[in-house]
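Below are the chains, spelled out letter by letter.
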Amino acid sequence: MKSTKFGIRYVISLSLVMLFACSLAVMLNSRSIKYSAVSTEASSETNAEFTVIIDAGHGGEDGGAVGVDGSFEKDLNLDIAFLLRDMLESNGIKTVLTRDEDILLYDRNVDYHGRKKVLDLAARLKIGKETKNSVFVSIHMNSFPQQQYSGLQVWYSPNDSRSAEIAENVRKNVVSLLQKQNTRKIKPASSNIFLLNRLESPAILIECGFLSNPRECSLLNTKEYRRQLAFSIFTSISEFILETDVDF
Ligand SMILES: [Zn+2]
């Protein structure tokens, strides 16, 4: 009985999600047509096509946090980045990935010894600064010495007020679609989050979950859960585009 009820609930919520995705796709298509028509009259600075920069944290010799099952944060970050890219691109939204393979971003022709991480962050910042009319979305995983902590957490750049709007969209959608018990609030980034502190365009960093929590780690290691996370982020960015004029 319990499983039947669960099955019905699952089908209903899945249908709602699909219905929402369809209507969102229709709205976004008409929005992107409207935007391209408007953008021909904009200045060269704002003329740039609206772009979502997807930043998969870590890579290569920097694995990031390590899960209780031995999984690496860098791989989960990259997979969510790919899923998010596909959802955005198939709805006509341009994307740029800071990395699309298992590497750190540093020039192999310079003396990088002891500076790989610094050079990597500088390269990501450069992409963020050079991509006009953009939103920067950094994907990470959390970890803590005590295993009981869990739940997604969103940080936002204090340099542009629209960052907090997007961060709040992500928090709200993740709570409503995936984590009803999550009471974490969005937080402004301090200087210890290098990219958010230095980017002047809208920017957020999503800690998708705790790899130190056995239950959340095993969820994060399923493709379906990563797809649901990517869908929540996609929905949040889409809402931001629909609610604003993306005329930065
Ligand atoms: Zn990280």
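Before reading further, recall that the structure is shown in the block above.
Scope of this entry: the structure provided in the associated data block. (Residues numbered from 1 in each chain as written. Predicted model: local features only at pLDDT ≥ 70, side-chain atom pairs only at ≥ 80, totals over all residues. Heavy atoms only, no water.)

**Notes on the coordination of the zinc ion**
- At this site the zinc ion is bound by His58 (NE2), Glu73 (OE) and His140 (ND1), with donor distances of 2.1 to 2.2 Å.
- Along the chain, the residues donating to the zinc ion fall in the pattern H-x14-E-x66-H. Of this pair, His58 sits in the loop between strand E1 (51-56) and helix H2 (73-89) while His140 sits in strand E3 (residues 134-142), placing them 82 residues apart in sequence. (Donors = N, O, S within 2.8 Å, 3.2 Å for Na, K, Ca; no water. Helix = DSSP H or I, 4+ residues; strand = E, 2+ residues; numbered from the N terminus.)

**Focus on H2**
- The first and last C-alpha atoms of H2 sit 24 Å apart over 17 residues, in line with the 24 Å expected at 1.5 Å per residue.
- Where H2 is concerned, the buried positions are Glu73, Lys74, Leu76, Asn77, Leu78, Asp79, Ile80, Ala81, Leu83, Leu84, Met87 and Leu88.
- Check the buried side of H2 and you find it contacts E1, strand E2 (94-97), E3, strand E6 (203-210), helix H6 (214-220) and helix H7 (223-243). (Expected span 1.5 Å × (residues − 1). Buried < 20%, exposed > 50% of the residue type's maximum accessible area, 1.4 Å probe, protein only. Contact = heavy atoms within 4.5 Å.)

**Side note on the environment of Asn182**
- Secondary-structure assignment places Asn182 in the loop between helix H4 (162-177) and strand E5 (187-188).
- With 29 residues separating them along the chain, Asn182 and Gln153 place their C-alpha atoms 9.0 Å apart.
- Of note is the side chain of Asn182, whose polar atom sits 3.0 Å from the backbone oxygen of Leu152.
- In this structure the side chain of Asn182 is engaged in a polar contact, spanning 2.8 Å, whose partner is the backbone nitrogen of Arg184. (Polar contact = N/O pair within 3.5 Å; in protein donor to acceptor, adjacent residues only side chain to side chain.)

**Let's talk about the pattern of salt bridges**
- Tallied over the full model, the rule gives 13 salt bridges.
- With a shortest N-O distance of 2.8 Å, Arg124 and Asp55 are connected by a salt bridge. Note that Arg124 is positioned in helix H3 (residues 116-130) and Asp55 in strand E1, a separation of 69 residues in sequence.
- The buried category is assigned to Asp55, whose relative accessible area is 1%.
- For Arg227, the salt bridge goes to Glu224, with nearest N and O atoms at 3.1 Å. One end of the pair is Arg227 and the other is Glu224, both in helix H7 and three residues apart, which spans about a single turn. (Salt bridge = Lys/Arg side-chain N within 4 Å of Asp/Glu carboxyl O.)

**Focus on the side chain of Arg226**
- As for its placement among the helices and strands, Arg226 is situated in helix H7.
- Discounting chain neighbours no more than four positions away, the residues touching Arg226 are Leu76, Asp79, Ile80, Leu83, Leu220 and Asn221.

**Thoughts on the packing of H4 against H7**
- At their nearest, the axes of H4 and H7 sit 8 Å apart, and the two run at 135° to each other. Between H4 and H7, the angle is such that the two are oblique. Of the two possible hands of crossing, H4 and H7 adopt the one that is right-handed. Taking contact as the criterion, the partners of Arg162, Glu165, Ile166, Asn169, Val170, Lys172, Asn173, Val174 and Leu177 in H4 are, on H7, Phe231, Ser232, Thr235, Ser236, Glu239, Phe240 and Glu243. (Axes fitted to C-alpha atoms, helices over the stretch in contact; angles between N-to-C directions. Parallel < 35°, antiparallel > 145°, perpendicular 65-115°, else oblique. Left-handed = near helix turned anticlockwise from the far one by under 90°.)

**Here we look at the packing of H2 against H7**
- At a minimum axis distance of 9 Å, the contact between H2 and H7 shows a crossing angle of 50°. Compared by their axis directions, H2 and H7 come out oblique. As for the relative orientation of H2 and H7, their crossing is right-handed in sense. Residues Leu76, Asp79, Ile80, Leu83, Leu84, Met87 and Leu88 of H2 touch H7, and the partners they reach there are Lys223, Arg226, Arg227, Leu229, Ala230, Phe231, Ile233, Phe234 and Ile237.
- Here the contact of H2 with H7 is composed, by residue class, of twelve nonpolar, no polar and four charged. (Nonpolar A, V, L, I, M, F, W, Y, C, P; charged D, E, K, R; others polar.)

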